[in-house]
Amino acid sequence: LVADVLSRHGVKATFFVANERTLTGGSSLDDVWAPWWRERAAEGHAFASHTWNHVVWRADRGDAFEVRATAGPDTGRTRLLDAAAYCAELQRPVQRLKDIGIGAAVLPLFRAPAGRTSPRLVAAARACGFEHVGWARAGFLGDELPSDRIPNAQLLAQSLRDIRAGDILVAHLGIWSRQDPWAPAVLEPLVQGLKQRGLCFATLREHPQHGRRPGR
């Protein structure tokens, strides 16, 4: 559904990828999903890292980072990762995308799971070649909020009202916890409504703050 809507309206997105569980019984970067990612790359979408095991930063602990994974064998466990281990988490999705043939579409960017970072974490990632990307306040599209309290119609209305030129938007390919799924109700009318306001869409490759610069 997401791919169809983006294609139908000529919208190019940047996919921040992690190896998370899927409804097909595997994970999002397994061989089942590899053709889907290649199709998105062929359409002109860009890619970046979201860590391999969707590790959420919790605190700086000395020379290490306390994190908790929400995917993979360490799901739900709190661990300490040093800078090298965190960089390995960032690099692993990039390597997997290269292995399935779309490395050229990967940008030197990452989005920390849950958007949680510290200055030390951002500096450690930058040292191994990754710049962090957040999102605009209005760009939080709310697809992971509880639908019984914040229905899709409300999310659509506030997005159409508040989003401005240059804003980075954030949404997910799927959220397990939201009872009334966001994308089927909101994605297409949001795209149409923003276009009617004169806005257009581009990957972060074209964003003035995060696009490729000499030497990157």
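Note that the structure is predicted; figures quoted are calculated from it, not measured. (Residues numbered from 1 in each chain as written. Predicted model: local features only at pLDDT ≥ 70, side-chain atom pairs only at ≥ 80, totals over all residues. Heavy atoms only, no water.)

## Regarding the overall build of the protein
So the rule is basically this: Working definition: helices are DSSP H or I runs of at least four residues, strands are E runs of at least two. Numbering for both runs from the N terminus. Throughout, the radius of gyration refers to the C-alpha atoms, and the reference size of a globule is 2.2 Å times the residue count to the power 0.38. Think of it in three bands: residues with accessible area under 20% of the maximum for their type are buried, residues over 50% are exposed, and the middle band is partly exposed, with areas taken using a 1.4 Å probe on protein chains only. Should any heavy atoms of two residues lie within 4.5 Å, those residues are counted as being in contact.
Helix and strand counts for the protein stand at six helices and seven strands. What you see for the protein is a C-alpha radius of gyration of 17 Å, in line with the 17 Å of a compact globule of 216 residues. Residues counted as buried form 47% of the 216 residues belonging to the protein. Considering only contacts within the protein whose residues lie at least 6 apart along the sequence, 67% involve residues at least 24 apart.

## Focus: the environment of C200
You can see C200 is positioned in the segment after α6 (182–196). Sequence-wise, C200 and K12 are 188 residues apart; in three dimensions their C-alpha atoms are separated by 9.6 Å.

## Digging into the sheet that holds strand β3 (residues 55–61)
Within a sheet, neighbouring strands are paired by backbone hydrogen bonds and run either parallel or antiparallel to one another. In plain terms, the rule: Two strands are said to pair when DSSP picks up at least two bridges between them. Axis geometry follows a simple rule: fit a line to the C-alpha atoms, using only the stretch in contact for helices, then measure angles between N-to-C directions, giving values from 0 to 180 degrees.
Judged by pairing direction, the sheet is antiparallel, and its three strands sit side by side in the order β3-β4-β5 without closing on themselves. Either end of the sheet is taken by a strand with one partner, and the two such strands are β3 and β5 (78–82). Pairs of neighbouring strands in the sheet enclose a mean axial angle of 35°, with direction left out of account. Where β3 lies against strand β4 (residues 64–69), six bridges are found, and the strand directions are antiparallel. Following the sheet pairing, A59 is matched in β4 by E66. Contacts between helix α3 (residues 83–99) and the sheet are confined to β3, β4 and β5, with β5 contributing the most and set at about 100° to the helix. Its contacts with the sheet put helix α4 (residues 119–127) on β3 and β4, and the angle it makes with β4 is roughly 95°.

## Looking at the sheet that holds strand β1 (residues 14–17)
The four strands are arranged β1-β2-β6-β7 in an open sheet whose pairing can be described as parallel. With partners counted over all chains shown, the strands left at the sheet margins are β1 and β7 (131–132), one partner each. In this sheet, β7 lies alongside strand β6 (residues 106–110) in parallel orientation, the contact comprising two bridges. By the bridge assignment for β7, L109 is matched with E131. Lying on the sheet, helix α2 (residues 34–42) is in contact with β1 and β2 (46–49); it crosses β1 at an angle near 150°.

## Thoughts on the packing of aromatic side chains
To keep things clear, this is the line we draw: Stacked, edge-to-face and tilted labels apply to pairs of Phe, Tyr and Trp rings (six-membered ring for Trp) whose centres lie within 6.5 Å, assigned for plane angles under 30 degrees, over 60, and everything in between, in that order. Charge-over-ring contacts are defined here by two conditions on Lys NZ or Arg CZ: a distance within 6 Å of the ring centre and an angle within 35 degrees of the ring normal.
Summed over the entire model, instances satisfying the criterion amount to eight aromatic pairs. In textbook terms, an aromatic cluster arises when at least three aromatic residues are bridged by ring pairs, as seen for F15, W33, W36, W37 and F47. Across from the ring centre of F16, 4.5 Å away, lies the NZ or CZ of R111, which sits over that ring.

## With respect to the packing of helix α5 (residues 152–162) against α6
Definition in use: Angular relationships are summarised with four words: roughly parallel below 35 degrees, roughly antiparallel beyond 145, roughly perpendicular across 65 to 115, and oblique for the angles in between. Put simply, a crossing is left-handed when the front helix is turned counterclockwise from the back one by less than a right angle, and right-handed when it is turned clockwise. Any residue outside Ala, Val, Leu, Ile, Met, Phe, Trp, Tyr, Cys, Pro, Asp, Glu, Lys and Arg is labelled polar, Gly included; the first ten of those are nonpolar and the last four are charged.
At their nearest, the axes of α5 and α6 sit 10 Å apart, and the two run at 20° to each other. Relative to α6, the element α5 is oriented roughly parallel. You can see that α5 and α6 cross each other, and the crossing is right-handed. Contacts between α5 and α6 pair N152, L155, L156, S159 and L160 from the former with W182, A185, V186, P189, L190, G193 and L194 from the latter. The residue inventory of the contact of α5 with α6, partitioned by class, reads nine nonpolar, three polar and no charged.

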